[in-house]
Amino acid sequence: DSASELATIKYDSDGKRLWVKQFDDKASGYSQGSALALDGDGNLFVLGQNSNMQAMRMESIIIKYASDGKKIWLRRTGKMVQPSQLATNDRGDVIAAGINYDFQPGDTDNLGLLGTTIKYDGSGKRKWTRSERSAIPLDKFISFLENGIEPIFKMALDKKDSVYVTSTGYWDDLNFTTIKYAP
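Residues numbered from 1 in each chain as written. Predicted model: local features only at pLDDT ≥ 70, side-chain atom pairs only at ≥ 80, totals over all residues. Heavy atoms only, no water.

Engineer: Hey, could you run me through the overall build of the protein in this one?
Structural biologist: Summing up its helical and strand segments, the protein has 1 helix and 13 strands in all. Secondary structure elements in the protein, listed N-terminal to C-terminal, are β-β-β-β-β-β-β-β-β-β-α-β-β-β. The burial tally for the protein puts 43% of its 183 residues in the buried class. Partitioning the contacts of the protein with sequence separation of at least 6, the portion at a separation of at least 24 is 43%. Carbon and sulfur atoms make up 48% of the accessible area of the protein, which totals about 10200 Å². (Helix = DSSP H or I, 4+ residues; strand = E, 2+ residues; numbered from the N terminus. Buried < 20%, exposed > 50% of the residue type's maximum accessible area, 1.4 Å probe, protein only. Contact = heavy atoms within 4.5 Å. Areas by Shrake-Rupley, 256 points an atom, 1.4 Å probe, with all protein chains shown as cover.)

Engineer: Please explain the packing of aromatic side chains as it appears in this structure.
Structural biologist: Two numbers describe a pair of aromatic rings. These are the distance of the centres and the angle of the planes. Summed over all chains, the structure comprises 4 aromatic pairs. Between W19 and Y65, the aromatic rings sit 5.8 Å apart at their centres with planes inclined by 45°, giving tilted as the arrangement. Taken as a pair, W19 in strand β2 (residues 17–23) and Y65 in strand β5 (residues 57–65) lie far apart in primary sequence, 46 residues in all. Each member of the pair, W19 as well as Y65, carries the same accessibility label: buried. Ring pairing ties together the aromatic residues F45, W73 and Y120, which thus form one cluster. (Phe/Tyr/Trp six-rings, centres within 6.5 Å; stacked < 30°, edge-to-face > 60°.)

Engineer: Just checking my understanding: could you explain the pattern of salt bridges for this structure?
Structural biologist: As a working rule, side chains carrying opposite charge can pair if their charged atoms are close by. Applying the stated criterion to the full structure yields 3 salt bridges. In this structure, R91 engages D161 in a salt bridge whose closest nitrogen and oxygen atoms are separated by 3.2 Å. Within this pair, whereas R91 is found in the loop between β7 (82–88) and β8 (94–102), its partner D161 is found in the loop between β11 (153–157) and β12 (163–170), the two being separated by 70 residues in sequence. Given a relative accessible area of 9%, D161 falls into the buried group. Through salt bridges with shared partners, a single network forms among D93, K119 and K127. (Salt bridge = Lys/Arg side-chain N within 4 Å of Asp/Glu carboxyl O.)

Structure (structure tokens):
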């Protein structure tokens, strides 16, 4: 079996393993983790990527675990191919962000970079999804990758729970876009 699983391990302060949880989607070719966040109650959120081989698609997943390792919920965001950022706020919300590649029908010259941010409440109910698209000429994108420049997407929260995201963009040259979303 060539599938790989997303494993989450909790250690105590002395390095003793307390528990191990594995996400194993039977339809998946592989799963991998990309970010972790804790809320004020000690719950752990795991952001990861899952390849659903039966549906022939990549998807992002968010798993919420209680401090004892019990899975509380799992959400499939379906919006991000490269999930990279995860944060919680004082209200118990969790916010995930990442990049998706957005190909437009008939446009063989450009690659769309779709920065997506998704907010869930502590019970796993989706509160909102925001996406911003920028196009980059495909030859420039390949050149950037060949030179070690990869798309980035970063996120931060302020004390009022506004969400700030910054991402790679392209107009005449490589640029960055920063957006603020209200809570």
